[in-house]
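Breakdown of the fold
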Amino acid sequence: MPSSSPHRLTRQIVIAMLAGIALGVALNQLGAGPWLQTFVVDGLLHVIGSVFVAALKMMVVPLVFVSLVVGVTALSDLKTLGRIGAKALALYLATTALAVTIALALAGAVGPGHGFDAGTTEAGFSGKEAPPLTQMLIDLVPTNPVAAMAEGNMLQIIVFALLFGVAVTMSGTRGRHVLNFFTDLDVVIMHMVEWIMRLAPWGVFALITRTFASQGLDILLPLAAYFLTLTAALAIQLFVTYPVLLRLLASLNPITFLKKMRDPAAFAFSTASSGATIPVTLHTVEYKMGVPNSIASFTVPLGATINMDGTAMMQGVATVFIANVYGIDLTLTDYLLVVLTATLASVGTAAIPAVGLVTLTMVLGQVGLPVEGIALIIGVDRLLDMMRTTVNVSGDCVVSCIVAKSEKALDLDVFNDPAAGSVEAATRRHPLSTSSA
Ligand code: ASP
């Protein structure tokens, strides 16, 4: 792949996104007509978009497992693994708590939902019980790792891969053989990820055109205050909070970071799934940002699973909106409860579309708000889901960079190189392994 290729691809993806939005809105406004609707929107675009998302998901389990095994073996000892895990966890929780706090402050100031007529929506919503904490802890250990992989249970896969990786390190020469195989496999799988990334302009175009063709922008109007408050909160997290954190905690250039975020951001936006975006996030964090595989292979899948800053922000703004619609005053204790529950709910939110709304029931229940309130915002959720998933994924990348920098393991040459970004370039740097630790 020539060195300018990642750049060209990013440009193509951005163009595909903008073209998809324009065409989708046009189709929605002008009416697609039965033929266009059946054969193009629900036919061709649906097939291309679904195949693209399926191909991305196809890579998640093999990539996370293989990459994590290689990553763990590159760490010098278990203490290092524990330290990286503790830092990542602390940063993931802290950034999420900060995100909800910002969202609540903004929503408190703007006051979305005052004067909103709740009678205008008819959609219903029924919540689902969250599992108790004890069960969540028990469920971390897979009774059958193959089943965990078949179900794509990320936390269980992480636990098994960590144990397997540690065993490989402790198995002497035989472990070495296994490691060599996994190291090569990691490069092979990343090559497959790059194939899918090359198809991204088509996949992104199909997904976005179809979403905008079916989601008219007029449904946004009655909920404009909610929509705009959340959009502003998400923008603050992405363009203010993350840059400040990168500067303060890692002395990294936020503009360079944001430029390198374009690929995973486009994937997250078009798929609304941080889980499906994992291959691209991992690729970007390792090959474009210079985070060693030993750290990225752990922080990225973990972040995709437990770190959802954008989702937590939605839950903060939605809580204030629903409270205002129902004329219920929230106290300071309620606000603190929202910060706590939204942070924990983000840990329990699966990295797939629309699950943030399900865990919102936990937050609303905590402060005594009616769960039916969710029906009010469901109509505009798809677009907001796309935006908050972009923030979720960006948060994973920010924390990965900060952890790597604090471990003095971030490859600044890669981070600062605008052309960095392919497996080939990385293997040229580290001929026998993609791991730079
Ligand atoms: N779609 C989000 C994600 O995958 C989760 C959510 O907020 O619904 O990150």
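Before reading further, recall that the structure is shown in the block above.
Residues numbered from 1 in each chain as written. Predicted model: local features only at pLDDT ≥ 70, side-chain atom pairs only at ≥ 80, totals over all residues. Heavy atoms only, no water.

1. Here we look at the side chain of Ser394
Rules: The way it works is that DSSP assigns letters per residue, a run of H or I at least four long becomes a helix, a run of E at least two long becomes a strand, and they are numbered from the N terminus. Between two residues, a contact is recorded if the distance between any of their heavy atoms is within 4.5 Å.
The topology assignment puts Ser394 in helix α17 (residues 381-406). Apart from the residues lying within four places of it in its own chain, the contact partners of Ser394 are Leu238, Tyr242, Phe257 and Met261.

2. Topic: the environment of Ala318
Which entries qualify depends on this criterion: Only protein chains enter the accessibility calculation, which uses a 1.4 Å probe; a residue whose area is less than 20% of its type maximum is buried, one above 50% is exposed, and one in between is partly exposed.
As for its placement among the helices and strands, Ala318 is situated in helix α13 (residues 309-325). Classification of Ala318 by relative accessible area gives buried; the value is 0%. Through-space distance from the C-alpha of Ala318 to that of Gly108 is 11 Å; in sequence the pair is 210 residues apart. Excluding its chain neighbours within four sequence positions, the residues that come into contact with Ala318 are Tyr226, Leu360 and Ile377.

3. As for the site of the ligand
For clarity, the threshold we go by: Near residues are defined by distance, with any heavy atom within 4 Å of the molecule or strand qualifying the residue. Here a polar contact is taken to be a pair of N or O atoms separated by no more than 3.5 Å, where protein atoms must pair a possible hydrogen donor with a possible acceptor and residues adjacent in sequence count only if both atoms sit in side chains. For every accessible area listed, the method is Shrake-Rupley and the probe measures 1.4 Å; residues are considered covered only by the protein chains on display. Basically, the charged four are Asp, Glu, Lys and Arg, the nonpolar ten are Ala, Val, Leu, Ile, Met, Phe, Trp, Tyr, Cys and Pro, and anything else, Gly included, counts as polar.
In the neighbourhood of the ligand, 16 residues make up the surrounding shell, with Ser274, Thr311, Gly356, Asp385 and Arg388 lying closest. Contacts to the ligand include Ser274, whose side-chain N or O atom sits 2.4 Å from an oxygen atom. Here Gly356 contributes a backbone N or O atom positioned 2.7 Å from an oxygen atom of the ligand. Here the ligand loses 100% of its free accessible area of 270 Å² to cover by the protein chains. When residues of the shell around the ligand are traced back to their parent elements, those giving at least two are α15 (355-366) and α17. When residues in the shell around the ligand are grouped by element, the largest group, four residues, is from α17. A breakdown of the residues in the shell around the ligand according to their chemical character gives eight nonpolar, six polar and two charged.

4. Observations concerning α17
Rules: Multiplying 1.5 Å by the helix residue count minus one yields the expected span of that helix.
Compared with an ideal rise of 1.5 Å per residue, which puts 26 residues at 38 Å, α17 spans 37 Å between its outermost C-alpha atoms and is within 8% of the ideal. Burial of α17 is extensive: 23 of the 26 residues sit out of reach of the surface. Lys408, located one to two residues past α17, shows a positive phi value of around 55°.

5. Considerations on a positive patch on the surface
So the rule is basically this: Like charges are joined within 9 Å and nonpolar side chains (Val, Leu, Ile, Met, Phe, Trp, Tyr) within 5 Å, but only among residues with over 30% relative accessible area and no salt bridge; these make up the patches. By definition, a salt bridge exists where a carboxyl oxygen of Asp or Glu is found within 4 Å of a side-chain nitrogen of Lys or Arg. Here the positive residues are Lys and Arg and the negative ones are Asp and Glu; neither His nor the chain ends is included. Throughout, a charge is located at the NZ atom of Lys, the CZ atom of Arg, the CG atom of Asp or the CD atom of Glu.
On the surface, a cluster of positive charge is contributed by Arg8, Arg11, Lys259 and Arg262. Positionally, Lys259 belongs in helix α9 (residues 254-260). For Lys259, a relative accessible area of 52% translates into the label exposed.

6. Remarks on the pattern of salt bridges
On inspection of all chains with the given rule, the structure shows six salt bridges. The partner of Glu407 in a salt bridge is Arg83, with the nearest N and O atoms 2.7 Å apart. Residue Glu407 is located in the loop between α17 and α18 (412-416), and its partner Arg83 is located in helix α3 (residues 78-110); the two are separated by 324 residues in the primary sequence. Taking the relative accessible area as the measure of exposure, Glu407 reaches 16% and is therefore buried. Of the charged contacts, one joins Asp381 and Arg388 as a salt bridge, the two residues approaching to 2.9 Å between their closest N and O atoms. A relative accessible area of 1% means that Arg388 is categorised as buried.

7. Focus: the packing of α3 against α17
Inclusion rule: In this analysis, axes come from line fits to C-alpha atoms, helices being fitted only over the stretch in contact, and the angle between any two N-to-C directions falls in the range 0 to 180 degrees. For this classification, under 35 degrees means roughly parallel, over 145 means roughly antiparallel, 65 to 115 means roughly perpendicular, and everything else is oblique. In this scheme the handedness of a crossing depends on how the near helix is turned from the far one: anticlockwise by less than a right angle means left-handed, clockwise means right-handed.
Remark: α3 packs on α17, axes separated minimally by 10 Å, with the N-to-C direction vectors making an angle of 140°. The angle between α3 and α17 falls in the class oblique. The element α3 and its partner α17 pack so that their crossing is right-handed. Of α17, the residues touching α3 (which contributes Ile84, Lys87, Ala88, Leu91, Tyr92 and Thr95) are Gly395, Asp396, Val399, Ser400, Ile402, Val403 and Ser406.

8. Thoughts on helix α8 (residues 224-250)
With 27 residues, α8 should reach 39 Å at 1.5 Å per residue; the first-to-last C-alpha distance of 37 Å fits that figure. A positive phi of about 45° marks Ser251, the residue just after α8.

9. Describing the state of the cysteines
Note the cut-off: For the purposes of this analysis, a disulfide is any pair of cysteine sulfur atoms at a distance within 2.5 Å.
Within this structure, the stated rule accounts for zero disulfides. The structure places no disulfide on Cys397, whose sulfur is separated from the nearest cysteine sulfur, that of Cys401, by 6.9 Å. For Cys397, a relative accessible area of 0% corresponds to the buried category.

10. Remarks on a nonpolar patch on the surface
A grouping of Phe239, Val240, Val244, Leu248 and Leu249 is seen on the molecular surface, where their side chains present a nonpolar patch of about 500 Å² in accessible area. Of note, Leu248 is situated in helix α8. You can call Leu248 exposed: its relative accessible area is 67%.

11. So, unusual backbone geometry
Non-glycine residue Ser251 carries a positive phi angle of around 45°. Looking at the element boundaries, Ser251 is found in the loop between α8 and α9. Despite not being glycine, Ala272 shows a phi value in the positive range, around 55°. Among the residues examined, Ala272 registers a relative accessible area of 1% and is labelled buried.

12. Structural notes on the packing of aromatic side chains
Our working rule: Pairing of aromatic side chains requires ring centres within 6.5 Å, counting the rings of Phe and Tyr and the six-membered ring of Trp. Pairs whose planes differ by under 30 degrees are stacked, by over 60 edge-to-face, and all others tilted.
Applying the stated criterion across every chain yields a total of nine aromatic pairs. For the ring pair Phe65 and Phe182, a centre distance of 6.0 Å and an interplane angle of 70° mean the geometry is edge-to-face. Placement of Phe65 in helix α2 (residues 33-74) and of Phe182 in helix α7 (residues 172-214) is noted, with a sequence separation of 117 residues between them. Just as Phe65 is buried, Phe182 falls in that class too. Here Phe164 and Phe182 contribute two aromatic rings whose centre-to-centre distance is 5.7 Å and whose plane-to-plane angle is 50°, an arrangement assigned as tilted. Linking Phe164 in helix α6 (residues 154-169) with Phe182 in helix α7, this pair joins segments that are 18 residues apart in sequence. Note on Phe182: relative accessible area 10%, which makes it buried. Clustering of aromatic rings is evident, with ring pairs tying together Phe65, Phe160, Phe164, Phe181 and Phe182.

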